[in-house]
Amino acid sequence: MAPQPTDWTTDYDIFDKGYIKNPFPVWDELREQCPVAHTGRWGGSWMPTRYEDVFAIARDVEHFSSRNILVANVAPPPDADDGMGGELIQQYNVGAPPITSDPPEHTWARKLLLPPFSANAVAKWEPETRELCRELIDGFIANGRADGASDYAQQIPSRVIASMLGIPKDMAGTFTEWVRGFLELGLTDPELRRASGRAIFEFLYACIQERKANPGDDLISYLLTSEVDGEPVPEPHVLGTCFLLLVAGIDTTWSSIGSALWHLAQHPEDRARLINEPELMPQAIEELLRAYSPVTMARIVAEDVSYNGCPMSEGDRVLMNFPAANRDPRVFDNPDDVILDRAKNPHVAFGVGIHRCAGSNLARMEMRVALEEWLRRIPDFRLEDPEAVTWAGGQVRGPRTMGIVWP
Amino acid sequence: MKVRVDPDKCQGHNRCYVLAPGLFEVDDLGYAKARGDGAVPPEMHEKARLAVENCPERAIEIIEDDAQ
Ligand code: HEM
Ligand code: SF4
């Protein structure tokens, strides 16, 4: 293992255990001393931590490409050994549009995806999500304890997206394993990443073939029957987009629900407020998203550019540290305090610019319903052992084991 | 007072609509525009300012009446 960094401005380590658990002091230091830090670790990257810089770089799609959005340099699967034959791989080597697309492809790829994820469209999934949360709570409420991350938060987004894609919900556990292998554990383990990517890819490939024969009222069928400029959407594109929907929606939303429970377990006054003023919930969700933003994305420098004096070369990686931007005191008063009814909160937890999270309305709905149902049934709860909580970090930060107890 | 959403900047975060559904509407893709001619009644001035302060894209503009 590489030694711990001594100077975070020139040698930060996004996979350092202490940093994953508590990155906030590091960001505070970097924001003041070296607002665009650099490291040689994990393939090398630049890391802005001020809101203005993250905002500016995210919106400058000419100089900063999305063709690779991973925060570490790992081999992107599927590759030549994915067991599906050379030609098919070439044909299917489409990335994960629209998140890995730049304009002009991005424009239509995103437009295709927005209608089924509009606030109105996702409202349709609310009753099912609520029912799911209730069933989960029924399963453990009598025990007086549960793992808020693995027994609850983790179970929600995987089932909702399975429903939307028209895939049996008993696949949800398998999805979660695959997605963690791809996006979380796989970022430092290329073999696991390759195997997980291949499993998702093959599974979705089979689903698409099946849906072509039996179209239904689901997202895969919607994508297969959609047209762009009068032509059907190419099948490889559908595969890439389904891949993205699975990967983008699970770890992320699970992490934000988990972090919200982690906060509420330690703040009885905030629990009481949400119970007594339920109309505060939408604003509170935005504040919890701000304070515990789970997602960091990356950009690849498209041509040599000097950004605020930093000599960035073509091909360099830049980490879009949305979570650090959301704690910048230049924009947010008392950024480390969670103020459920914070008035000024232009947070960028869902990104900013043309790649704004297409699933943001779905994620908000899932968070709100998950917290509403939990607070209704378990209004009084605390962490079993705050020191025992484990966190994942890197691309997506959130609690992974989190014992919660209630009277 | 009037509000205006710059369609080139709006990315459909839906924040304005949630904060002030009386002032904004969103289309099927989630992009926002001001309702009607964008006029903001006095009792909603505060809401309009809130929407401006919460839009991550800085897409909302307030046009104050100059004839007071
Ligand atoms: C709290 C949960 C979530 C967070 C914090 C989050 C965060 C983000 C962020 C920061 C981006 C911007 C990427 C970039 O700038 O490179 C993004 C993009 C995206 N997210 Fe999410 N996400 C969440 C949940 C979801 C869900 C539930 C889905 C759908 C199932 C989803 C689908 C997408 C898609 C499709 C994009 C790509 C949009 C584009 O490139 O135009 N996300 N997300
Ligand atoms: S908050 Fe801003 S970006 Fe979001 S819908 Fe409203 S105007 Fe558009």
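Predicted, not measured: the structure shown is a model, and the values here were computed from it. (Residues numbered from 1 in each chain as written. Chains lettered and ligands numbered in written order. Predicted model: local features only at pLDDT ≥ 70, side-chain atom pairs only at ≥ 80, totals over all residues. Heavy atoms only, no water.)

On to the overall build of chain A. When helices and strands are tallied, chain A shows 18 helices and 14 strands. In terms of overall dimensions, chain A is globule-like: its C-alpha atoms have a radius of gyration of 21 Å, near the 22 Å expected for 407 residues. Principal axes of the C-alpha set define a box for chain A whose edges measure 60 × 55 × 40 Å. Considering chain A as a whole, with its 407 residues, one finds that 59% of them fall into the buried category. The contacts in chain A between residues at least 6 apart in sequence include a share of 72% that link residues at least 24 apart. (Helix = DSSP H or I, 4+ residues; strand = E, 2+ residues; numbered from the N terminus. Rg over C-alpha atoms; globule rule 2.2 N^0.38 Å. Buried < 20%, exposed > 50% of the residue type's maximum accessible area, 1.4 Å probe, protein only. Contact = heavy atoms within 4.5 Å.)

Bringing a negative patch on the surface into the picture now. Together, Glu62, Glu303, Asp304 and Glu314 of chain A make up a region of like negative charge exposed at the surface. Tracing the chain through its elements places glutamate 314 of chain A in the loop between β9 (310-312) and β10 (317-320). (Patch = residues over 30% accessible without salt bridge, like charges linked within 9 Å, V, L, I, M, F, W, Y side chains within 5 Å. Areas by Shrake-Rupley, 256 points an atom, 1.4 Å probe, with all protein chains shown as cover. Salt bridge = Lys/Arg side-chain N within 4 Å of Asp/Glu carboxyl O. Lys, Arg positive; Asp, Glu negative; His and termini not counted. Charge placed at Lys NZ, Arg CZ, Asp CG, Glu CD.)

Contacts between the two partners involve 25 residues from chain A and, on the opposite side, 16 residues from chain B. Summing both partners gives a buried area of about 1,700 Å² for chain A against chain B, and 48% of it is carried by carbon and sulfur. Where chain A touches chain B, the interface holds three salt bridges. Among the salt bridges present, the one from arginine 59 of chain A reaches glutamate 57 of chain B, with a minimum N-O distance of 3.4 Å. Taken together, the links from chain A to chain B amount to nine residue pairs in polar contact (both at pLDDT 80 or more). With four residues, the single largest contributor to the side of chain A that touches chain B is helix α4 (residues 51-59) of chain A. In terms of residue class, the side of chain A that touches chain B is built from 11 nonpolar, six polar and eight charged. (Buried area = accessible area lost by both parts, 1.4 Å probe. Polar contact = N/O pair within 3.5 Å; in protein donor to acceptor, adjacent residues only side chain to side chain. Nonpolar A, V, L, I, M, F, W, Y, C, P; charged D, E, K, R; others polar.)

Let us now look at the layout of surface pockets. All names here are of chain A. Of the volumes computed, that of the second largest pocket is approximately 580 Å³. Lining the second largest pocket are 24 residues; nearest its centre among them are Phe15, Asp16, Lys17, Ile20 and Trp391. Listing elements by their share of the lining of the second largest pocket, those giving two or more residues are α2 (17-21), α11 (172-184) and β12 (390-392). Grouping the constituent residues of the lining of the second largest pocket by class yields 11 nonpolar, five polar and eight charged. (1 Å grid on protein atoms, 1.4 Å probe; cavity = no way out; pocket = protein on both sides within 12 Å on 5 of 7 lines; lining within 4 Å. Points joined across faces, edges and corners; volume = space filled by probe spheres on them.)

Our next topic: the site of ligand 2. Residue and element names in this part refer to chain B. Near ligand 2, the surroundings consist of Val5, Cys10, Gln11, Gly12, His13, Asn14, Arg15, Cys16, Ala32, Cys55, Glu57 and Ile60. Because more than half of its atoms lie within 2 Å of the grid, ligand 2 is assigned to the second largest cavity. When its residues are assigned to classes, the shell around ligand 2 shows six nonpolar, four polar and two charged. (Near = heavy atom within 4 Å. Sits in = over half its atoms within 2 Å of the grid points.)

Below, the discussion takes up the nonpolar core. Residue and element names in this part refer to chain A. Of all hydrophobic cores here, the largest spans 106 residues; its most connected members are Tyr152 and Phe381. Contact partners of tyrosine 152, with chain neighbours within four places excluded, come to Cys133, Leu136, Ile137, Phe140, Asp147, Leu261, Ala370, Glu373 and Trp374. Counting 27 residues, the second largest nonpolar core, distinct from the first, contains Val36, Met297, Met312 and Ala325. (Core = buried A, V, L, I, M, F, W, Y, C linked by side-chain atoms within 4.5 Å.)

The next thing to look at is empty space enclosed by the protein. The rolling of a water-molecule-sized probe over the atoms marks out the regions of remaining empty space. The final tally for this structure, using the stated rule, is five cavities of 30 Å³ or more. Quantified by volume, the largest cavity comes out at close to 160 Å³. As for the largest cavity, its lining consists of 18 residues, and the residues nearest its centre are Tyr19, Trp27, Thr296, Gly394 and Arg397 of chain A. In the lining of the largest cavity, the residues fall into 11 nonpolar, six polar and one charged. One number sums up the size of the second largest cavity: a volume of about 100 Å³. Residue lining of the second largest cavity: 16 residues in total, with Cys10, His13, Asn14, Cys16 and Cys55 of chain B positioned closest to the centre.

What the protein offers the iron atom of ligand 1 as a donor is a single atom, Cys357 of chain A (SG), at 2.3 Å. Its location among the elements puts cysteine 357 of chain A in the loop between α17 (322-325) and α18 (360-377). (Donors = N, O, S within 2.8 Å, 3.2 Å for Na, K, Ca; no water.)

Note: α-helices contain 3.6 residues per turn, so residues at a spacing of three or four share the same orientation. End to end, helix α14 (residues 235-266) of chain A covers 48 Å across 32 residues, agreeing with the expected 46 Å (1.5 Å per residue, within 8%). Buried residues dominate α14 of chain A, accounting for 28 of its 32 residues. (Expected span 1.5 Å × (residues − 1).)

Residue and element names in this part refer to chain A. Within the structure, ligand 1 sits among 31 residues, and His106, Arg110, Arg299, His355 and Cys357 are positioned closest to it. Arginine 299 places a polar side-chain atom, nitrogen or oxygen, 2.7 Å from an oxygen atom of ligand 1. Histidine 355 places a side-chain nitrogen or oxygen 2.6 Å from an oxygen atom of ligand 1. For the shell around ligand 1, the secondary structure elements donating two or more residues are α6 (105-113), α14, β7 (297-301) and α18. Sorting elements by how many residues they give to the shell around ligand 1 places α14 first, with seven residues.

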